[in-house]
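Summary of the model geometry
The lines below spell out each chain.
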Amino acid sequence: MEGKDFYHYDGGLTTPGCDEIIWWNFNTEPWNISVRQFNIMVDIVLKYKPALGEPDADGLAQCADKPQTNASSGGSTSRPPQPLNGRKVLKVCSFS
């Protein structure tokens, strides 16, 4: 995000156990991506393959060749907005 303003806050994962270990950064303006870049993201999010023996959400080991997904049945990877619970959202401004 070099040369761009963005927002930052310390937060958690959006999947169970929602561990508070993520540094979230959001652009102040949308970025354009190519169709190829979009398709790569779709493959990452919707066609995730766990490592052999990695447990799924139910704690069961999966086969490496069985695609999994981090998305809901409707294709969403988001969850409803959560309270800030005292977190500070910072706007980081570029001076270049």
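Residues numbered from 1 in each chain as written. Predicted model: local features only at pLDDT ≥ 70, side-chain atom pairs only at ≥ 80, totals over all residues. Heavy atoms only, no water.

1. Looking at unusual backbone geometry
- Backbone geometry at asparagine 85 places phi at a positive 50°, although glycine is not the residue there.
- Tracing the sequence through the fold places asparagine 85 in the loop between α1 (35–46) and β3 (90–92). (Helix = DSSP H or I, 4+ residues; strand = E, 2+ residues; numbered from the N terminus.)

2. Quick word on the side chain of histidine 8
- On the secondary structure map, histidine 8 appears in strand β1 (residues 6–11).
- The exposure class assigned to histidine 8 is buried, which follows from its relative accessible area of 17%.
- A distance of 3.1 Å separates a polar atom in the side chain of histidine 8 from a polar atom in the side chain of aspartate 10.
- Within the structure, histidine 8 has its side chain in polar contact with the backbone oxygen of tryptophan 24 (distance 3.2 Å).
- Setting aside residues no more than four positions away along its own chain, histidine 8 makes contact with Trp23, Trp24, Asn25, Lys88, Val89, Leu90 and Val92. (Buried < 20%, exposed > 50% of the residue type's maximum accessible area, 1.4 Å probe, protein only. Polar contact = N/O pair within 3.5 Å; in protein donor to acceptor, adjacent residues only side chain to side chain. Contact = heavy atoms within 4.5 Å.)

3. Digging into a nonpolar patch on the surface
- Taken together, the side chains of Tyr7, Phe26, Leu84 and Val89 make up a nonpolar region of the molecular surface, amounting to roughly 340 Å² of accessible area.
- On the secondary structure map, valine 89 appears in the loop between α1 and β3. (Patch = residues over 30% accessible without salt bridge, like charges linked within 9 Å, V, L, I, M, F, W, Y side chains within 5 Å. Areas by Shrake-Rupley, 256 points an atom, 1.4 Å probe, with all protein chains shown as cover. Salt bridge = Lys/Arg side-chain N within 4 Å of Asp/Glu carboxyl O.)

4. Some words on the sheet that holds strand β2 (residues 22–27)
- Spatially, three strands are ordered β2-β1-β3 in an open sheet, and the strand pairing comes out antiparallel. This sheet does not close on itself; its edge strands, each paired only once, are β2 and β3. When the angles between neighbouring strand axes are averaged without regard to direction, this sheet yields 30°.
- Pairing of β1 with β2 involves six bridges; the strand directions are antiparallel. Residue pairing across strands places tyrosine 7 opposite phenylalanine 26, the latter belonging to β2. (Pairing = 2+ DSSP bridges. Axes fitted to C-alpha atoms, helices over the stretch in contact; angles between N-to-C directions.)

5. Side note on the pairing of β1
- Sheet analysis places β1 next to β3, joined by three bridges and oriented antiparallel. Directly across from phenylalanine 6, in β3, lies its bridge partner valine 92.

6. A look at the confidence of the model for the protein chain
- Of all residues in the protein chain, 61% attain a pLDDT of 70 or more, and the chain-wide mean is 75.
- When pLDDT is averaged over each element of the protein chain, β3 comes out on top at 92 and α1 at the bottom at 85. (pLDDT = per-residue confidence, 0-100.)

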